[in-house]
Amino acid sequence: MSSTEIIDKTKTFVKETLSDAEGGHDWFHTERVLNNALLIAKNEPVDAFIVALGALLHDIADSKFHDGDETVGPNLARKFLFKLNIDSAVIEHVVKIIENISFKGGNESQKFHSPELDVIQDADRLDAIGAIGIARTFNYGGYKNRQLYNPDIKPNLNMSKVEYKSSTAPTINHFYEKLLLLKDRMNTKTGKQLAKERHTYMENFLRQFYMEWNGEV
């Protein structure tokens, strides 16, 4: 089976698996991450096949929709790729990418590194910031029935992984606990460049949000 056929089968698998997913973690999120990853990969010494597979499968079963179980996604991806007779080294690389891509509160040390993971991680983080990032954040906040903002509940910048995953804080807090931190955690030159504009967009949004909240405009 050619690499093109494998990628096409993977796209079909992901679309079907995520057909009922929450709007911020659905096929369109995956497609944007894939496009971002392929764009970034043009300037990086990476295996484009692994980048494509990793981007397509990175959110195949996000742990926050599976009672916090971080093994569901990697296991699902491994089983799918195994059926396609893909080289075992490629499968394990993709699985490692899925296991290590997420933010996890920012205080967790990443246990695996590769140029391909760097590219996909940047692509995923780009989709978490800027206009799309804002839309996804409030969509998830609504999905979890969280407050938009509560001045009495301050952002917690020192959460453990468990605290981060179980947080029920207002949606605005997420900007400070994750989104505004991502610009300085990008891995690649292209990722860093793209993140700057999206970061500024979020800062401007927050400035406008607070002015409207406080009746200043």
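Preceding this paragraph is the structure being described.
Summary of the structure given here. All values reported here derive from a predicted model rather than from experimental measurement.

### Focus: the environment of G54
Reasoning step 1: Position of G54 relative to the elements: it lies in helix α3 (residues 48-57).
Reasoning step 2: Between the C-alpha atom of G54 and that of V33, which follows or precedes it by 21 residues, the distance is 9.9 Å.
Reasoning step 3: If sequence neighbours within four positions are ignored, G54 has contacts with V94 and I120.

### Digging into the packing of aromatic side chains
Working definition: an aromatic ring pair is given by the centre-to-centre distance plus the angle between the planes.
Reasoning step 1: Within this structure, the stated rule accounts for eleven aromatic pairs.
Reasoning step 2: Geometrically, the ring pair formed by F138 and F175 is tilted, given 6.0 Å between the ring centres and 50 degrees between the ring planes. Linking F138 in helix α7 (residues 130-143) with F175 in helix α9 (residues 171-177), this pair joins segments that are 37 residues apart in sequence.
Reasoning step 3: You can call F175 buried: its relative accessible area is 0%.

### What to know about helix α5 (residues 88-100)
Reasoning step 1: When the terminal C-alpha atoms of α5 are compared, their 18 Å separation across 13 residues agrees well with the 18 Å that a helix rising 1.5 Å per residue should span.
Reasoning step 2: Within α5, the full set of buried residues consists of V90, I91, H93, V94, V95, I97, I98 and N100.
Reasoning step 3: Those residues of α5 that are buried are in contact with α3, α4 (72-83) and α6 (115-126).
Reasoning step 4: Of the residues flanking the start of α5, the one acting as N-cap is D87, its side-chain oxygen 2.9 Å from the backbone nitrogen of A89.

The rules behind these values
Residues numbered from 1 in each chain as written. Predicted model: local features only at pLDDT ≥ 70, side-chain atom pairs only at ≥ 80, totals over all residues. Heavy atoms only, no water. Helix = DSSP H or I, 4+ residues; strand = E, 2+ residues; numbered from the N terminus. Contact = heavy atoms within 4.5 Å. Phe/Tyr/Trp six-rings, centres within 6.5 Å; stacked < 30°, edge-to-face > 60°. Buried < 20%, exposed > 50% of the residue type's maximum accessible area, 1.4 Å probe, protein only. Expected span 1.5 Å × (residues − 1). Polar contact = N/O pair within 3.5 Å; in protein donor to acceptor, adjacent residues only side chain to side chain.

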